Amino acid sequence: MQGDDFLATREAVLAEHEYAPLESAAGMTAAEAVCPCPPGIPVVMPGEIITPDVIPFLRSYGFSEIKVLK
């Protein structure tokens, strides 16, 4: 693990994962990039801790679940 708030991207992508409801994902670690379009810029990257402030933004783009580490 690198730092206190994220895993290496490769570790996160290859780790066991599951889908979690978006509303309960705050504090979990993302297993893939979450990239709403437009603008096509990742909001969350693999290995990053999902913060509460991104939940309303992702919900506004129609996300209802997110891939997280087990």
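The coordinates are above.
Residues numbered from 1 in each chain as written. Predicted model: local features only at pLDDT ≥ 70, side-chain atom pairs only at ≥ 80, totals over all residues. Heavy atoms only, no water.

Caption draft 1: Seen up close, the overall build of the protein chain. Within the protein chain, the regular secondary structure consists of two helices and two strands. Going residue by residue from the N terminus, the α and β elements of the protein chain occur as α-β-α-β. For the protein chain, whose C-alpha radius of gyration is 11 Å, the value lies close to the compact-globule estimate of 11 Å for 70 residues. Expressed as a percentage of the 70 residues in the protein chain, the buried residues total 31%. Partitioning the contacts of the protein chain with sequence separation of at least 6, the portion at a separation of at least 24 is 57%. For the protein chain, the accessible surface area stands at approximately 4400 Å², while carbon and sulfur atoms represent 57% of it. (Helix = DSSP H or I, 4+ residues; strand = E, 2+ residues; numbered from the N terminus. Rg over C-alpha atoms; globule rule 2.2 N^0.38 Å. Buried < 20%, exposed > 50% of the residue type's maximum accessible area, 1.4 Å probe, protein only. Contact = heavy atoms within 4.5 Å. Areas by Shrake-Rupley, 256 points an atom, 1.4 Å probe, with all protein chains shown as cover.)

Caption draft 2: Focus on the packing of aromatic side chains. Under the criterion given, the structure shown has one aromatic pair. Centroid distance Phe 57 to Tyr 61: 5.0 Å. Interplanar angle 55°. Geometry classified as tilted. (Phe/Tyr/Trp six-rings, centres within 6.5 Å; stacked < 30°, edge-to-face > 60°.)

Caption draft 3: Fine view of the nonpolar core. The biggest cluster of nonpolar side chains holds 12 residues, and these are Ala 20, Leu 22, Ala 25, Ala 30, Val 34, Val 44, Ile 50, Val 54, Ile 55, Leu 58, Ile 66 and Val 68. Counting residues per element, the ones that place at least two in this core are helix H2 (54-60) and strand E2 (65-69). Sorting elements by how many residues they give to this core places H2 first, with three residues. If we skip the residues at most four places from it in the chain, Val 68 touches Glu 16, His 17, Glu 18, Ala 20, Met 28, Thr 29, Ala 30, Ala 31 and Ile 50. (Core = buried A, V, L, I, M, F, W, Y, C linked by side-chain atoms within 4.5 Å.)

Caption draft 4: Broad picture of the pattern of salt bridges. The tally for this structure, following the rule as stated, stands at two salt bridges. In this structure, Glu 23 engages Arg 59 in a salt bridge whose closest nitrogen and oxygen atoms are separated by 2.5 Å. Of the two residues, Glu 23 sits in the loop between strand E1 (17-21) and H2 while Arg 59 sits in helix H2, which places them 36 residues apart along the sequence. The partner of Lys 67 in a salt bridge is Glu 32, and the shortest N-O contact between them spans 3.8 Å. One end of the pair, Lys 67, is in strand E2; the other, Glu 32, is in the loop between E1 and H2, with 35 residues separating them in the sequence. Lys 67 gets classed as buried once you look at its relative accessible area, which sits at 16%. Exposure remark for Glu 32: the relative accessible area of 31% places this residue in the partly exposed category. (Salt bridge = Lys/Arg side-chain N within 4 Å of Asp/Glu carboxyl O.)

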